[in-house]
Each structure stands twice: as C-alpha cells, then as structure tokens.
Amino acid sequence: MATGFFSTCRWFTTSQQRHLLYIPVFPNQEQVKGEWGGRILQSADNVVTLSITPAADSIVGKFRMYVAIMTLRDPERDIYILFNPWCEAKFEYGVLDACLYVMDSAQMLLTGRKDPVKVSRVASAMVNSKDDDGIVVGSRSGNYLYGVAPTACTGSFEILLNYASSGVPVCYGQCWVFAAVFNTFLRCLGIPGRVVTNFFSAHNNDGNLKMDVILDENGQFMPSLTKDSIWEIECTKDGEMIKCKTPGISALKEARDLPLKATMFDVCETTSAFSLGMYRCGPASVKAIKHGQICFKYDAPFIFAEVNSDVVYWKRMRDGTQQPIKVNKHHVGRMVLTKEVGRDEIKNITDLYKFPEGGACCKQGL
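From a predicted model like this one, the values you see are computed outputs, not experimental measurements.

### So, the side chain of Ser51
Moving on, step 1. With respect to the helices and strands, the residue Ser51 is situated in strand 4 (residues 47–53).
Moving on, step 2. Using a relative accessible area of 18% as the deciding quantity, one classes Ser51 as buried.

In structure tokens form, the structure reads like this:
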C-alpha cells in the first residue's frame with residue numbers, strides 16, 4: 001500500500017473564480033480541530049476509505065475532488081532533465097547537484113530554467129562573487145593566504161562542490177578559473193561550451209569602443225585619467241545553444257533575437273562588465289561581433305571592443321584639452337585560441353571573432 005495520499009478539492013465561487021485546496025493524508029495523522037483535514041478510516045486489500053473534514057469556515061457549495069497516490073521520496077529515483085546530456089563533468093559525483101544549487105542560490109525562476117540564454121546569463125553573474133556571493137572570489141593581489149592561489153587550481157568541479165557544500169565563495173580565481181568553472185557549469189547542464197583565450201583583451205569602460213590611453217605633455221602615462229585597460233590574456237567561453245565559450249566569456253545561440261546570419265556562437269563574460277545592475281556579460285552573438293553588429297543583446301559593444309577596438313593615445317595639455325597623437329589598430333585581440341577537440345593542441349579561432357586586420361571586410365566590421 002502507498003504510504004501517503006494527496007487529496008485535491010476544487011470548487012467554483014459564484015464569480016466562477018477557480019480555487020484549489022490540497023489536503024495531504026498520511027497514516028496515523030493527527031486531525032487539527034477546525035481546519036481542513038483528512039485521515040484513513042480503513043484499509044483492506046486494495047481499498048482505502050478516507051475521511052475528509054472541511055474547515056469550520058469553509059464555503060458552502062459543490063466541490064470537485066481528485067485523489068492522487070504518492071509514495072515517500074526515494075532519492076535514487078530522482079530524475080535530472082538537461083538541455084543536452086553530453087558532457088563529462090556531470091559524471092563527477094555531486095557536480096550536477098552543485099550546479100542546480102547555483103541556480104537556486106541565484107533565486108532563478110523555474111520558468112527561466114528552460115532557456116539556455118537565461119541560464120547562461122545567471123551563471124555569468126554567479127561564477128564571480130561580486131554583488132551576489134557567487135562561486136569564486138577574484139583576486140590579483142598576490143596574497144592568497146586565506147585560500148588557494150589561482151595558479152594552483154587544477155580542476156573546476158572541486159570548486160563547485162566546495163561552494164555547494166559551504167555556501168561560501170571559494171578563494172581565489174582569475175580569468176582562467178572563472179572560465180573553467182563557467183564551462184563546467186554549462187556543460188554539466190547540457191550546454192556545449194569551450195574555454196577561449198583572447199590575447200590583449202581590451203576592457204572599454206566608457207562605451208566608445210576605443211581604448212583611450214592618456215599621456216601628459218612629457219609622454220608619461222596618466223593612470224588616474226585612463227579608465228580603459230588591456231589584459232595581456234583573458235580566458236573566456238563560447239558556444240551555441242548548441243555550444244559555448246569561457247575566459248570570462250561564453251557563447252550561446254539566441255535565434256529569436258538575432259537575424260539568421262548572426263546566430264552561430266554566443267559569448268558571455270563572468271567578471272568584467274556591469275550589465276543591468278550586476279557583474280555579468282552576454283550572451284552575445286559571435287558572428288554579430290565579427291560583423292560589428294553591436295545593436296544586438298547582450299552587451300555586444302563591450303565584447304566587440306574586447307577583440308576589435310583601436311588603442312588611441314591622447315596627449316593631455318596643461319589647460320585640460322586632449323589631442324590624439326597615435327592610433328594602434330592591431331594591438332587588441334591579436335589571437336583568439338581554444339583547445340582542439342579530442343587532443344591537447346591549440347586551435348586558432350581568431351577568424352570567428354574578427355576579420356583579418358587591414359582588409360576591406362575588417363573596415364566594414366568597424
């Protein structure tokens with residue numbers, strides 16, 4: 001015999017508004033006086049007689065009753081539904097539950113968990129600990145006394161398990177750590193992805209799609225006035241709704257928002273950009289980035305500038321005016337690399353993100 005029942009009573013008021021009432025019934029259940037309740041009167045063979053007691057203040061009318069039989073939960077019978085069950089990391093014990101915990105920690109709505117774009121956007125915010133106590137604490141200080149140095153990290157699933165078991169951000173990470181964790185998260189949920197490294201990755205902080213470097217009259221760098229920055233390397237992640245990427249970037253396909261020719265890979269970033277109130281970035285179409293179509297969401301201008309912006313050197317005069325003295329069109333995004341499928345070799349995918357420097361198509365993209 002089943003160990004529990006769920007009785008559902010449904011009625012309609014005069015305004016035809018629908019109401020639902022669920023009454024759990026278990027053996028030896030105590031009846032609460034004055035409230036809705038149910039109890040088992042008799043059980044013989046395959047026949048069970050139930051008693052349903054209405055609340056003292058229940059409405060008068062005709063009720064439709066449905067009975068559902070439920071057993072106690074057995075975790076061994078739990079079912080996981082993924083986007084596309086294909087990848088390795090989810091087979092590490094506990095990692096899949098850890099990834100689900102990340103979405104729960106972000107208080108992600110259940111209705112959004114069927115959309116890989118929304119899932120990747122939540123993950124982009126949760127992989128870093130800024131503003132939401134996410135998975136990894138970023139640090140470039142060189143002082144890693146209270147955690148593990150980013151260069152000592154050798155696997156991403158241990159970080160996810162640590163975060164899920166403690167609920168506390170894991171110390172410490174830099175771009176390649178964020179990328180690896182993000183990649184594992186997406187792959188685990190069935191979203192194909194890969195880690196991507198961008199050499200000389202620009203961070204444009206004022207939205208003008210250029211890296212502005214301010215120099216004084218003697219040609220000395222002025223860090224207090226230079227808001228943009230260039231990282232020698234940055235790890236990201238790209239893919240489709242069928243694949244993804246991660247040095248801070250991950251790619252997904254969002255067909256409903258991009259024209260057909262722009263839907264291939266998408267890219268997300270985990271730490272650098274502030275997007276709609278949180279530190280997250282993407283997904284944005286890689287093909288749109290290559291063609292300079294920065295009007296598409298999400299955060300396409302920032303990602304475009306990471307791989308394809310010019311470095312403009314400005315000379316600041318004593319009266320506060322500035323004049324451009326040099327433009328370097330080839331410094332940013334020199335190479336975009338990833339790992340070959342099935343073997344430990346480098347694959348150059350720069351041509352997916354930008355046209356060859358100096359060509360007609362490159363000018364068109366800019």
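### Here we look at the pattern of salt bridges
Moving on, step 1. Across all of its chains, the model carries nine salt bridges by this definition.
Moving on, step 2. The residue Asp344 makes a salt bridge to Lys339 at a minimum N-O spacing of 3.8 Å.
Moving on, step 3. When its relative accessible area of 74% is taken as the criterion, Asp344 is described as exposed.
Moving on, step 4. Using a relative accessible area of 46% as the deciding quantity, one classes Lys339 as partly exposed.
Moving on, step 5. The closest approach of N and O atoms between Arg343 and Glu345, which form a salt bridge, is 3.1 Å.
Moving on, step 6. Judged by its relative accessible area of 41%, Arg343 falls in the partly exposed class.
Moving on, step 7. Glu345 sits in the partly exposed class, given a relative accessible area of 45%.

### Here's the deal with a nonpolar patch on the surface
Moving on, step 1. A cluster of nonpolar side chains, Met65, Val67 and Ile69, forms an exposed patch at the surface whose accessible area comes to about 310 Å².
Moving on, step 2. Along the polypeptide, Ile69 turns up in strand 5 (residues 63–70).

### A word on helix 3 (residues 157–166)
Moving on, step 1. Buried within helix 3 are the following residues: Ile159, Leu160 and Tyr163. Down the axis of helix 3, the sector holding all buried residues measures 100 degrees, keeping them to one side.
Moving on, step 2. Looking at the buried residues of helix 3, the elements they touch are helix 1 (95–105), helix 2 (116–126), strand 6 (136–138), strand 7 (170–173) and helix 4 (175–188).
Moving on, step 3. Positive phi shows up at Gly167, right after helix 3, with a value of about 75 degrees.

### Side note on the environment of Cys171
Moving on, step 1. Take Cys171: it is sitting in strand 7.
Moving on, step 2. Once the C-alpha coordinates of Cys171 and Val148 are considered, the two residues, 23 residues apart in sequence, prove to be 6.0 Å apart.
Moving on, step 3. Leave out the neighbours within four places in its chain, and Cys171 touches Val137, Tyr146, Gly147 and Val148.

### Concerning the side chain of Asp310
Moving on, step 1. For Asp310, the location among the structural elements is in strand 14 (residues 310–316).
Moving on, step 2. At 3.2 Å, the side chain of Asp310 and the side chain of Lys329 are in polar contact.
Moving on, step 3. With sequence-adjacent residues up to four places away left out, Asp310 is seen in contact with Leu209, Lys210, Met211, Val327, Asn328 and Lys329.

### Brief notes about the confidence of the model for the chain
Moving on, step 1. Residue-level pLDDT values for the chain average 78, and 76% of them are 70 or greater.
Moving on, step 2. Put simply, strand 11 (residues 244–245) is where the chain has its lowest mean pLDDT, 36, and helix 3 is where it has its highest, 95.
Moving on, step 3. Here residues 1–16 is a poorly scored stretch, pLDDT under 50, and it has 66 contacts once near neighbours within four places are set aside; other chains count.
Moving on, step 4. Low confidence marks residues 241–264, where pLDDT is under 50. Its contacts with residues over four positions away, or in another chain, come to 129 contacts.

### Looking at the packing of helix 1 against helix 3
Moving on, step 1. With their axes 9 Å apart at the nearest point, helix 1 and helix 3 run at an angle of 55 degrees to one another. Judged by the angle between their axes, helix 1 and helix 3 are oblique. Both helix 1 and helix 3 take part in a crossing whose hand is left-handed. For the pair helix 1 and helix 3, the contacting residues are Val95, Ala98, Cys99, Tyr101, Val102 and Ser105 in the first and Phe157, Leu160, Leu161, Tyr163 and Ala164 in the second.
Moving on, step 2. Residues belonging to the contact of helix 1 with helix 3 are distributed by class as follows: 10 nonpolar, one polar and no charged.

### Re the nonpolar core
Moving on, step 1. Counting residues in hydrophobic clusters, the biggest one holds 29 residues, and the most contacted among them are Ile135, Leu160, Val181, Phe185 and Leu189.
Moving on, step 2. Elements represented by at least two residues in this core include exactly helix 1, helix 2, helix 3 and helix 4.
Moving on, step 3. Considering each element in turn, this core owes the most residues, seven residues, to helix 4.
Moving on, step 4. Membership of the second largest hydrophobic core comes to 14 residues, among which are Val267, Phe302, Phe304 and Val336.

### As for the sheet that holds strand 15 (residues 322–328)
Moving on, step 1. The three strands lie next to each other as 9-14-15, forming an open sheet whose pairing is mixed. In the strand order of this sheet, the two ends are held by strand 9 (210–215) and strand 15, each with one partner. Across the sheet, the mean angle from the axis of one strand to that of its neighbour is 30 degrees, orientation sign disregarded.

### A short note on the pairing of strand 15
Moving on, step 1. Two strands pair when backbone bridges link them, and strand 14 and strand 15 are joined in this way by six bridges, in the antiparallel orientation. Each bridged residue has a counterpart across the sheet, and for Val312 the counterpart in strand 15 is Val327.

Rules used in this analysis
Residues numbered from 1 in each chain as written. Predicted model: local features only at pLDDT ≥ 70, side-chain atom pairs only at ≥ 80, totals over all residues. Heavy atoms only, no water. Helix = DSSP H or I, 4+ residues; strand = E, 2+ residues; numbered from the N terminus. Buried < 20%, exposed > 50% of the residue type's maximum accessible area, 1.4 Å probe, protein only. Salt bridge = Lys/Arg side-chain N within 4 Å of Asp/Glu carboxyl O. Patch = residues over 30% accessible without salt bridge, like charges linked within 9 Å, V, L, I, M, F, W, Y side chains within 5 Å. Areas by Shrake-Rupley, 256 points an atom, 1.4 Å probe, with all protein chains shown as cover. Arc of directions from axis to C-beta. Contact = heavy atoms within 4.5 Å. Polar contact = N/O pair within 3.5 Å; in protein donor to acceptor, adjacent residues only side chain to side chain. pLDDT = per-residue confidence, 0-100. Axes fitted to C-alpha atoms, helices over the stretch in contact; angles between N-to-C directions. Parallel < 35°, antiparallel > 145°, perpendicular 65-115°, else oblique. Left-handed = near helix turned anticlockwise from the far one by under 90°. Nonpolar A, V, L, I, M, F, W, Y, C, P; charged D, E, K, R; others polar. Core = buried A, V, L, I, M, F, W, Y, C linked by side-chain atoms within 4.5 Å. Pairing = 2+ DSSP bridges.

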